[in-house]
Amino acid sequence: MPKQTFEHAHSAHCESGVMSLLLSHHGLPLSEAMVFGLSNALMFAYIPFVKLGGMPLIAYRRMPKAIIKGLQKNLGLEMKMQTFSDPQKGSQALDALVAQGRIVGAQSSVFWLPYFPPEMRFHFNAHNLIVYGKEGDEYLVSDPVFETPVRCQEKALEKARFVKGVMSPKGLLYYPIKVPETIPYEIVIPKVIKKTAKAMLKTPVPVAGLSGIRALAKNIGKLAKKDRRYAKLFLGHIIRMQEEIGTGGAGFRFIYASFLQEAGTLLESSQLKEASQMMTLVGDQWREFALLIVKAIRSKKSQPIDFAALKNKLESVAAAEAEVYRKLLINFP
Amino acid sequence: MESDRVPQDNISTLANHKKAIYATSGTGGSYGIVASSGWEVEEEVTRQALKELERLSHEAYLKVLSGEVSPLYFHMYDQRMDLQVLAQTTGIFKWRLKRHFNPQVFVNLSPKMLERHASALGLSVDELCRLPNVCEESGA
């Protein structure tokens, strides 16, 4: 049974935050970290030939909507997901759901959401938020990456929900229709952990998982031959994807460590708690890598950038991260 | 990372907002969310990205001013887009958009086409067809 009143909570990441709030509201309290871990969302991808804003695609997690889909698959959860071709119909459908007292997940573009400060408004179309009410022509919005609930004008949200382009939301609305009462953690947790560890260690193509990280390291080593301004923008882009875009720190590695810890408590597994500590240290190393990059970006023209040092650092991060997955695979064969 | 080491650098790019960071605390190292006012590392890279957008928009402004390209070219960058994003947002092929950057072609665009551009850029047709008087710092 859904709760009477909706409670907002501050999260690191939009999609996991929205799903955590939606499920908790519908009687299945799951932390953001559990949502993230149970949906197999952790990843790394570096796809040089897919460009976004002139920069290659770099992601520290799976594709948008992978969390919603992953939870459905792994937990037996059922979500109603609706898209619309006509913006007006999309808004009417949202209004009708809100009038029924539902809280609804919605995909939107960050750029067109007026409650985002200009400093954070980029063209990213796969942002997630919850609409939990409407007053006059304003929606009551719970955006998990904000500390408190916000409000958004009807017209502005419609624009943000119906922007076209890469990962266009098409007005996507979603809400749970069947929520499991309990989760058999002793079965689900080993399964999802094994899957994530395998995907990170054994993805054969050099764009995803650890081979993706190593490919990125290799390309950083080659930046010395490129234009200095491009090299700095490219390095900055890596860190933006890692730290700025709602990752909870260290490109989701801290969230995943938090998941491993919670899973360790649920299964009373000291091995999982150890793996969590290892992942925390890996996250700390990712942050050190970010610090090195910023030093390189700040360097004056006369100072050469030591790309080889950045490459080596990233390779050692990859090696440390690989150790965590190996340990997990040994414990969950 | 431990809770007391979560950066609280009050960075400008968060504009007084706080972001959630996962950090450990206590002897057991248990995880929780810490509201952070930002990390200077993050501020540096966001500023860098914003500056690049401003640079592109400023260059575009000068190009329009000199009559080399149509105002559409400026508004595209001013709304933090590029050719690829504008093409996807309007649903118009890149080669066609490039034609629309030609001032002579632009003045002869149909009202319907102008409306299509304006709506993709979140502007009125009137705003689309001229340059703002001062080159504002990114119109967002």
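Residues numbered from 1 in each chain as written. Chains lettered and ligands numbered in written order. Predicted model: local features only at pLDDT ≥ 70, side-chain atom pairs only at ≥ 80, totals over all residues. Heavy atoms only, no water.

Summarise the overall build of chain B; cite the residues concerned and give the values.
Summing up its helical and strand segments, chain B has seven helices and two strands in all. Starting at the N terminus, the α and β elements of chain B follow one another as β-β-α-α-α-α-α-α-α. Principal axes of the C-alpha set define a box for chain B whose edges measure 70 × 30 × 25 Å. Looking at chain B as a whole, 49% of its 140 residues are labelled buried. Surface summary for chain B: the accessible area is close to 7,100 Å², and the carbon and sulfur share equals 49%. Computed over 15 positive and 18 negative side-chain charges, the separation of the two mean positions in chain B equals 10 Å. (Helix = DSSP H or I, 4+ residues; strand = E, 2+ residues; numbered from the N terminus. Buried < 20%, exposed > 50% of the residue type's maximum accessible area, 1.4 Å probe, protein only. Areas by Shrake-Rupley, 256 points an atom, 1.4 Å probe, with all protein chains shown as cover. Lys, Arg positive; Asp, Glu negative; His and termini not counted. Charge placed at Lys NZ, Arg CZ, Asp CG, Glu CD.)

Pulling in residues and values, what's your account of the interface of chain A and chain B?
Opposite the 49 residues of chain A that make contact, chain B presents 46 residues. The contact between chain A and chain B buries some 3,900 Å² in all, and 59% of this surface belongs to carbon and sulfur atoms. The interface formed by chain A and chain B includes three salt bridges. Across the salt bridge formed by Glu40 of chain B and Arg298 of chain A, the nearest N and O atoms sit 3.7 Å from each other. Joining chain A to chain B, the criterion identifies 18 residue pairs in polar contact (both at pLDDT 80 or more). Listing elements by their share of the side of chain A that touches chain B, those giving two or more residues are α2 (32–38), α8 (228–244), α9 (253–266) and α10 (270–298) of chain A. Looking at which element gives the most residues to the side of chain A that touches chain B, the answer is α10 of chain A, with nine residues. Taken together, the residues of the side of chain A that touches chain B break down into 21 nonpolar, 13 polar and 15 charged. (Contact = heavy atoms within 4.5 Å. Buried area = accessible area lost by both parts, 1.4 Å probe. Salt bridge = Lys/Arg side-chain N within 4 Å of Asp/Glu carboxyl O. Polar contact = N/O pair within 3.5 Å; in protein donor to acceptor, adjacent residues only side chain to side chain. Nonpolar A, V, L, I, M, F, W, Y, C, P; charged D, E, K, R; others polar.)

Account for the nonpolar core, naming residues and giving values.
Core analysis: the biggest nonpolar cluster contains 97 residues, and Leu38, Ile220 and Ile238 of chain A have the highest contact counts within it. Broken down by element, the residue count for this core peaks at eleven residues, all from α10 of chain A. Beyond its immediate sequence surroundings of up to four residues, Leu38 of chain A is in contact with Leu30, Gly70, Leu71, Asn74, Leu75, Tyr185, Val188, Ile189, Val192 and Phe259 of chain A. Core analysis: the next-biggest nonpolar cluster, separate from the first, contains 58 residues, Leu94, Leu113 and Val131 of chain A together with Leu131 of chain B among them. (Core = buried A, V, L, I, M, F, W, Y, C linked by side-chain atoms within 4.5 Å.)

Outline the domain arrangement of chain B, listing residues and values.
By the assigned domains, chain B splits into domain 1 (3–38) and domain 2 (49–128). On a C-alpha basis, the centres of domain 1 of chain B and domain 2 of chain B stand 40 Å from each other. (Domains from an automatic or database assignment.)

Account for the environment of Ile183 of chain A, with residues named and values stated.
Residue and element names in this part refer to chain A. Looking at the secondary structure, you find Ile183 in the loop between β8 (173–178) and α6 (185–202). On the basis of relative accessible area, Ile183 is assigned to the buried category, the value being 10%. Taking the C-alpha atoms as reference points, Ile183 and Arg151, 32 residues apart in sequence, are found 34 Å from one another. If near-sequence neighbours (up to four positions away) are discounted, Ile183 is found in contact with Leu28, Leu30, Leu75 and Val188.

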